[in-house]
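Coordinates in review
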Amino acid sequence: MNVLFLCTGNSCRSILGEATFNHLAPPGWQALSAGSHPTGQVHPRSLALLAREGISTEGYHSKSWDNLPVTPDIVITVCASAAGETCPAYLGPVLRTHWGVDDPAHATGTDEEIDAVFMQAYRTLHARIEAFFALPLAELQNDRARLKAEMDRIGTLVP
């Protein structure tokens, strides 16, 4: 199963989601990420955070949803619609859910304050991904309505 983490810039949240998902994923599950308007680079603080957490940063880059190597089965948008961001709408026969996360790329303040915003985004995604993998996925793959309901519920979890 292929899961796409989707946002606008594909520099922070979707990259954190992709890398964390792949780090925790059981065999048969793979994540990728993309943006509707990619920035063209992964935010250095995202890569530094992943490295500190022991997650490989190899091969991650900012890319467009127009250039996906596979068709996703599930699309998870991570834009923060509460912050006035417009989530890109992925078109296609996929299961879609929204796991809104504030964009750490816009954080301001001291280095410590900015790092804390990145860490909060990571912790939110990590907790939601762990909750996803705790689901009875083999059973839910045959019940798309229930899987969607569970994924929507996970999107409301705040660590």
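Above this text you will find the structure in question.
Residues numbered from 1 in each chain as written. Predicted model: local features only at pLDDT ≥ 70, side-chain atom pairs only at ≥ 80, totals over all residues. Heavy atoms only, no water.

1. Quick notes on the pattern of salt bridges
Where charged atoms from two side chains of opposite charge approach closely, those side chains can pair. Tallying each qualifying case throughout the model produces 7 salt bridges. Through salt bridges that share partners, Arg 45, Asp 111 and Asp 115 make up one connected network. (Salt bridge = Lys/Arg side-chain N within 4 Å of Asp/Glu carboxyl O.)

2. Regarding the environment of Asp 102
Positionally, Asp 102 belongs in the loop between strand S4 (95-98) and helix H3 (111-133). Residues Asp 102 and Ala 80 lie 22 residues apart in sequence; the distance between their C-alpha atoms is 5.2 Å. Ignoring any residue separated from it by four or fewer positions in sequence, one finds Asp 102 in contact with Arg 13, Ala 80 and Ala 121. (Helix = DSSP H or I, 4+ residues; strand = E, 2+ residues; numbered from the N terminus. Contact = heavy atoms within 4.5 Å.)

3. Quick word on the side chain of Asn 2
Mapped onto the fold, Asn 2 is located in strand S1 (residues 2-7). With a relative accessible area of 17%, Asn 2 lands in the buried category. Not counting residues up to four positions away in its chain, the partners in contact with Asn 2 are Gln 30, Leu 32, Val 70, Thr 71, Pro 72, Asp 73 and Ile 74. (Buried < 20%, exposed > 50% of the residue type's maximum accessible area, 1.4 Å probe, protein only.)

4. Examining helix H5 (residues 144-154)
Considered for burial, the residues of H5 that qualify are Leu 147, Met 151 and Ile 154. Down the axis of H5, the buried side of the element spans an arc of 55°, and every buried residue falls inside it. Looking at the packing, one finds that the buried side of H5 touches strand S3 (74-77), S4, H3 and helix H4 (137-140). (Arc of directions from axis to C-beta.)

5. Examining the nonpolar core
Counting residues in each nonpolar core, the largest one holds 38 residues, and the members touching the most others are Phe 5, Phe 21, Ile 74, Phe 132 and Leu 147. Of all elements in the fold, only S1, helix H1 (13-24), helix H2 (44-52), S3, H3, H4 and H5 reach the threshold of two or more residues within this core. Top contributing element to this core by residue count: H3, with 10 residues. When near neighbours in sequence (up to four residues on either side) are disregarded, Phe 132 contacts Phe 21, Trp 29, Ile 74, Trp 99, Leu 137, Leu 147, Met 151 and Ile 154. (Core = buried A, V, L, I, M, F, W, Y, C linked by side-chain atoms within 4.5 Å.)

6. Section: the sheet that holds S3
Here we have 4 strands laid out as an open sheet, ordered S2-S1-S3-S4, and parallel in their pairing. Edge positions in the sheet fall to strand S2 (30-35) and S4, since each of these pairs with one other strand and no more. For this sheet the average axis-to-axis angle between neighbouring strands, irrespective of direction, equals 25°. Of the strands in this sheet, S3 and S4 touch H5, which is tilted by about 15° from S4. (Pairing = 2+ DSSP bridges. Axes fitted to C-alpha atoms, helices over the stretch in contact; angles between N-to-C directions.)

7. A short note on the packing of aromatic side chains
Inspection of the entire model under this criterion finds 8 aromatic pairs. Ring centres of Phe 5 and Phe 21 lie 5.9 Å apart, and the angle between their planes is 65°; on these two criteria the pair is classed as edge-to-face. Residue Phe 5 is located in strand S1, and its partner Phe 21 is located in helix H1; the two are separated by 16 residues in the primary sequence. For the pair Phe 5 and Trp 99, a centre-to-centre distance of 6.3 Å together with 65° between the ring planes defines the contact as edge-to-face. Remark: Trp 99 occurs in the loop between S4 and H3 and Phe 5 occurs in strand S1; sequence separation between them is 94 residues. Of the two residues, Phe 5 and Trp 99, neither departs from the other in class, the shared state being buried. Every member of this aromatic cluster is reached through a ring pair, and the members are Phe 5, Phe 21, Trp 29, Trp 99, Phe 132 and Phe 133. (Phe/Tyr/Trp six-rings, centres within 6.5 Å; stacked < 30°, edge-to-face > 60°.)

8. Remarks on the pairing of S2
Counting buried residues along S2, 5 of its 6 residues qualify, which places the element largely inside the surrounding structure. Pairing between S1 and S2: 6 bridges, direction parallel. Directly across from Phe 5, in S2, lies its bridge partner Ser 33. The parallel pair S1 and S2 is bridged by H1, and the resulting crossover is right-handed. (Right-handed = clockwise from strand over helix to strand, strands pointing away.)

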